[in-house]
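# Per-entry structural report
So you can see what is in the structure, the chains are spelled out below.
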Amino acid sequence: MQALMLAAGMGKRLGRYTQNGTKCMVKVNGKALIEYAIESLVKANIKKFVLVVGYRSEVLKEYISSKFNESNLNGMKIEYIENPVYDKTNNIYSLWLAKDQLLNDDTILLESDVIFDEKILFDIIKSPEKNLAMVSRFEPWMDGTCTLLDEEKNIVGMLDKAHFRWSDINEYYKTVNIYKLSKEFSTQYYIPFLEAYQKAFGKNEYYETVLKVLTFLGSGNLKGFEVRGDQWYEIDDPADLAIAENRFAPTAEKLRLMENRYGGYWRFPQIVDFCYLVNPFFPPVKLEDELKSNFGILNLYLKNLFKTKTFKLAS
């Protein structure tokens with residue numbers, strides 16, 4: 001089994017963090033995402049790791065070579081595929097460039113902006129199922145493609161933002177953007193559909209859309225592999241980076257990082273927060289009663305205020 005990472009994008013939403021390097025070079029608690037990924041793949045006994053690169057590819061290659069060599073790769077070979085039009089295409093084209101690799105071996109497909117507990121990588125590799133999409137039960141902080149699973153964990157639908165319904169979130173599973181794809185699946189279904197979809201809609205599309213088509217047709221036999229939401233995090237912007245650092249910090253460091261956030265605790269649904277910034281007991285019943293009883297007087301005061309023109313709205 002091999003691993004394939006799509007790392008050609010520019011990561012514009014991360015701003016200064018990707019000005020001098022790639023998205024997977026962003027550091028979480030002092031270590032780059034690509035380091036976490038490679039170390040996990042080595043421990044999982046993966047022997048071939050292919051990266052599709054584009055933006056600042058030479059910087060990324062030099063960084064990887066400075067951190068890894070024969071002594072710490074345990075026999076794993078690292079290969080690169082260049083996407084020369086990374087700024088004009090999307091990940092569907094990056095994946096298409098790696099089609100020969102997909103046809104040659106079973107593959108763990110990764111995206112470069114996800115940090116994850118290495119255990120979930122080991123578990124998906126060990127699973128007897130051949131074709132898996134890693135998913136988590138939907139939580140309010142999650143964003144992106146969601147899936148629907150049947151009782152046997154088959155993926156029977158993939159939803160984009162246009163079809164997302166908050167009323168149905170109990171049925172949704174968020175994709176983690178880690179997949180296990182067999183050589184047979186890639187040969188019979190995925191590669192032919194990637195080619196056809198690009199011919200119809202162009203190269204500036206997403207590979208997930210093709211998976212959506214396959215699940216709709218019911219021919220792909222792709223199952224969901226469920227993991228907990230606290231075992232991974234996708235980093236798209238600086239706010240995500242701060243959250244990821246907290247989630248994957250050593251236990252002794254978590255409290256200090258949390259205290260320095262000064263809000264945004266809703267992104268941590270496992271935490272019960274009683275501080276002044278987010279207080280589930282505010283406003284108290286007495287305060288609500290006071291506001292209600294004085295609303296008429298307040299409304300009259302505001303009407304008189306505008307009539308006398310003593311208050312001016314900013315233009």
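Please refer to the structure placed before this passage.
All of the points below concern the structure found in this document. Keep in mind it's a predicted model, so treat the numbers as computed, not measured.

What counts as what
Residues numbered from 1 in each chain as written. Predicted model: local features only at pLDDT ≥ 70, side-chain atom pairs only at ≥ 80, totals over all residues. Heavy atoms only, no water. Axes fitted to C-alpha atoms, helices over the stretch in contact; angles between N-to-C directions. Helix = DSSP H or I, 4+ residues; strand = E, 2+ residues; numbered from the N terminus. Parallel < 35°, antiparallel > 145°, perpendicular 65-115°, else oblique. Contact = heavy atoms within 4.5 Å. Nonpolar A, V, L, I, M, F, W, Y, C, P; charged D, E, K, R; others polar. Core = buried A, V, L, I, M, F, W, Y, C linked by side-chain atoms within 4.5 Å. Buried < 20%, exposed > 50% of the residue type's maximum accessible area, 1.4 Å probe, protein only. Arc of directions from axis to C-beta. Polar contact = N/O pair within 3.5 Å; in protein donor to acceptor, adjacent residues only side chain to side chain. Salt bridge = Lys/Arg side-chain N within 4 Å of Asp/Glu carboxyl O.

## A short note on the packing of helix 9 (residues 238-247) against helix 10 (residues 251-259)
Orientation of helix 9 relative to helix 10, taken along the N-to-C sense of each, is 150°, at an axis distance of 8 Å. What the angle tells us is that helix 9 and helix 10 run roughly antiparallel. Of helix 10, the residues touching helix 9 (which contributes Glu 245, Asn 246 and Arg 247) are Lys 254, Leu 257 and Met 258. When the residues that make up the contact of helix 9 with helix 10 are grouped by side-chain class, the tally is 2 nonpolar, 1 polar and 3 charged.

## As for the nonpolar core
In terms of nonpolar packing, the biggest core is built from 53 residues, with Ile 34, Ile 38 and Phe 49 touching the most fellow members. Here this core gets 6 residues from one element, more than from any other, and that element is helix 1 (residues 33-43). Residue contacts for Ile 34: discarding those within four places in its chain leaves Met 5, Cys 24, Phe 49, Leu 51, Tyr 63 and Ile 64. Ranked by size, the runner-up nonpolar core spans 30 residues in total, among them Leu 149, Phe 185, Tyr 197 and Tyr 207.

## Observations concerning unusual backbone geometry
The backbone of Asn 29 sits at a positive phi, close to 55°, despite the residue not being glycine. Mapped onto the elements of the fold, Asn 29 is located in the loop between strand 2 (27-28) and strand 3 (31-32). Residue class for Asn 29 comes out partly exposed when judged on its relative accessible area of 32%. At Asn 45, a residue that is not glycine, the phi angle is positive and equals roughly 70°. Residue position: Asn 45 is located in the loop between helix 1 and strand 4 (48-53). A residue is classified by how much of its surface remains accessible, and Asn 45, at 47% relative accessible area, is partly exposed.

## A closer look at helix 8 (residues 207-217)
For an α-helix, the turn length of 3.6 residues means that residues three or four places apart are oriented alike. All of the buried residues along helix 8 are Tyr 207, Glu 208, Val 210, Leu 211, Leu 214 and Thr 215. Buried residues along helix 8 cover an arc of 155° about the axis, so they all sit on one side. Tucked inside the fold, the buried residues of helix 8 contact strand 1 (2-7), helix 4 (91-97), strand 6 (107-111), strand 10 (155-159), strand 11 (173-181) and helix 7 (183-201). Gly 218 occupies a position one or two residues after helix 8 and carries a positive phi of about 75°.

## Quick look at the environment of Ser 66
For Ser 66, the position within the fold is in helix 2 (residues 57-67). A polar atom in the side chain of Ser 66 sits 2.6 Å from the backbone oxygen of Tyr 63.

## Quick look at the pattern of salt bridges
For the structure on display, the rule yields 14 salt bridges. Measuring nitrogen to oxygen at the nearest pair gives 3.7 Å for the salt bridge that ties Asp 236 to Arg 13. With Asp 236 in the loop between strand 13 (232-234) and helix 9 and Arg 13 in the loop between strand 1 and strand 2, the pair connects residues that are 223 residues apart, well separated along the chain. Take Asp 236: its relative accessible area is 14%, and that puts it in the buried class. Accessibility expressed as a relative area gives 60% for Arg 13, which makes it exposed. A salt bridge links Arg 228 to Asp 230; the nearest nitrogen and oxygen atoms lie 2.9 Å apart. Given a relative accessible area of 33%, Asp 230 falls into the partly exposed group. Salt bridges sharing common partners tie together Arg 13, Lys 23, Asp 113 and Asp 236.

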